[in-house]
Structure formats: C-alpha cells, structure tokens
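A look at the structure
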Amino acid sequence: MDLFSRSWTALRTAVAELPDEDFARPSGCAGWLVRDLVCHLIIDAQDVLITLVTPAETEPTRTAVTYWEVAETPPTGDDPLDALTVRMAAAYEEPWLLKFHLDDVGSAAGRAAGLADPGLWVSTRDEVFTVGDYLSVYVLEWTLHHLDLIAHLPGAAEPPAESLAGARELLERIAGAAFPASWSDTDALLVGTGRRAATDAEQAELGQLAAKLPLFLG
C-alpha cells in the first residue's frame, strides 16, 4: 500500500511540474506524446477507483504476477483503445486541463487506495484480486509510466528508488528469474520490458534470461 502511494504521488507530481511545451514531446510509449500518456493515467486512475468499489464474493483468480498478459510483440499504438486515448488527449486542448483532471481523479484514487483493506476481494477484467495484489500491479504500472513520461525529458524527476526496486521485484517474479545484480533497477525495467535494447555486454550478462526477454506487458 505504501509503495502504491509513493509511486503514484511521485508520478502525479512529475506531471504537475511539467512545463506546457513538454506535453507535445514524445513519451516512451510507442505512438504517444506526453499528453497522450497523461490522458492514459487519468483513465488508469478511474479504473483504480472503479475496481476498489467493486467487491467480489468469489476467491481471487489472479495475483499481482498473473495479472499481466505477456505479448510476443511490442505495442504499436494502433490499438483502437490507444487511438481513442490520443483523440481524448487532443480534446483537452490545454495542458492545464489534463493536469487538473489528473490531480482531481488521481488524488481520489490515492485516497481510496489508502482507505482500502488489502485483504478485500475486488473484481476487474472479469478476474478477482485481493486489493493488495491489485495495488501491487499499479506499482509496476506507475513506475514504468513514470519512466515513459521522462524518456525524452532530460532533467525531469525520476521515480522514487523504492518504487523502482518494488517494480523490479515484481517484474523478476513475472519473468521467473532475477536480472543481474549489477544492473540498476531502471536498466532492469527498461531492458526487461523492451523499452530499450540490451547492449552486447548486457545480453551476455543475462544468460538464459535473455531468451525470455523482452516482456511486453499488457
């Protein structure tokens, strides 16, 4: 719960501090500008709010690890929902409107998460999770998107160290193996999810894990 709050607060703060011109710059998500990514974060915050007030009566069907669908190819930005996000982001017209909506809905999602019982069962995507597992999913989601947000913004605030470590730990559980101990958490997340290619030296360090990578999470 604490990692969720820290990662989400840091990401929302990073968005709030962006100058207007940065919203038209590319993000680390294929086909999305920074403004499109921020619009996606608003939708994510709405999903968190909806899920936390959607209790389930049956036992959990997935965990923070099995939540993720691992694709064989990277996203292209051509998915209909991705295209809808781009159109929605453009409709905001002014960056301050995106900032306002993210702060409004995002703050509510953060408060709801803080009040939720980690052991409660909730439903989303026709699956059941404990609140604790569901919020752990978003530590990885928020941290990766924080890295996406600043991918082409030198000097922008990075994710908190504890969020990077928590996201790496979950990614390693998804991969079923640990990244080299010498790697930074940021490098493990970027290379592990295909956000950048491994160097020849890194590829050699990965050993058998290299065959499993990258993990395109959806």
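Below you will find a few notes about this structure.

Cut-offs used in this document
Residues numbered from 1 in each chain as written. Predicted model: local features only at pLDDT ≥ 70, side-chain atom pairs only at ≥ 80, totals over all residues. Heavy atoms only, no water. Axes fitted to C-alpha atoms, helices over the stretch in contact; angles between N-to-C directions. Helix = DSSP H or I, 4+ residues; strand = E, 2+ residues; numbered from the N terminus. Parallel < 35°, antiparallel > 145°, perpendicular 65-115°, else oblique. Contact = heavy atoms within 4.5 Å. Nonpolar A, V, L, I, M, F, W, Y, C, P; charged D, E, K, R; others polar. Buried < 20%, exposed > 50% of the residue type's maximum accessible area, 1.4 Å probe, protein only. Expected span 1.5 Å × (residues − 1). Pairing = 2+ DSSP bridges. Core = buried A, V, L, I, M, F, W, Y, C linked by side-chain atoms within 4.5 Å. Salt bridge = Lys/Arg side-chain N within 4 Å of Asp/Glu carboxyl O.

Some remarks on the packing of helix α5 (residues 131–149) against helix α7 (residues 185–192)
The relative placement of two packed helices comes down to the angle between their axes together with the axis-to-axis distance. Remark: α5 packs on α7, axes separated minimally by 11 Å, with the N-to-C direction vectors making an angle of 90°. Compared by their axis directions, α5 and α7 come out roughly perpendicular. Residue-level contacts link Leu140, Thr143, Leu144 and Leu147 of α5 to Thr186, Leu189 and Leu190 of α7. Split into classes, the residues belonging to the contact of α5 with α7 amount to five nonpolar, two polar and no charged.

A closer look at the environment of alanine 109
Here alanine 109 shows up in helix α4 (residues 95–115). Overall, alanine 109 belongs to the buried group, its relative accessible area being 0%. Here the alpha-carbon distance between alanine 109 and tyrosine 134, two residues 25 residues apart in the chain, equals 13 Å.

Here's the deal with helix α1 (residues 2–16)
Over its 15 residues, α1 extends 21 Å from the first C-alpha to the last, a length consistent with the 21 Å expected when each residue adds 1.5 Å. Buried within α1 we find Phe4, Ser7, Trp8, Ala10, Leu11, Arg12, Ala14 and Val15. Contacts made by the buried residues of α1 are with α2 (34–52), α4, α5 and α6 (161–175).

Re the pairing of strand β3 (residues 127–130)
Of the two faces of β3, the one lined by Glu127 and Phe129 and the one lined by Val128 and Thr130 are each fully buried. Here strand β2 (residues 121–124) pairs with β3 via four bridges, running antiparallel. Its bridge partner being in β3, threonine 124 is matched across the sheet by glutamate 127. Connecting β2 to the antiparallel partner β3 that follows it, the hairpin turn spans two residues, and arginine 125 within it adopts a positive phi of roughly 55°.

Comments concerning the nonpolar core
With 62 residues, the main nonpolar core has Phe4, Trp8 and Leu149 as its most contacted residues. Contributions of two or more residues to this core are made by α1, α2, α3 (80–92), α4, α5, α6 and α7. When neighbours within four sequence positions are excluded, phenylalanine 4 is seen to be in contact with Val48, Ala109, Gly110, Ala113, Leu135, Tyr138, Val139 and Trp142.

Considering the pattern of salt bridges
Opposite charge on two side chains makes pairing possible when the charged atoms of those side chains draw close. Applying the stated criterion to the full structure yields twelve salt bridges. Here arginine 35 ties to aspartate 36 by a salt bridge, and the two come within 3.8 Å at their closest N and O atoms. Residue classification places arginine 35 among the partly exposed positions, given a relative accessible area of 31%. When its relative accessible area of 2% is taken as the criterion, aspartate 36 is described as buried. Taking the shortest distance from any N to any O, the salt bridge between arginine 168 and aspartate 185 comes out at 3.0 Å. With a gap of 17 residues between them, arginine 168 in helix α6 and aspartate 185 in helix α7 connect regions that are remote in the sequence. It is possible to trace a salt-bridge network through shared partners that takes in Asp2, Arg6 and Glu162.

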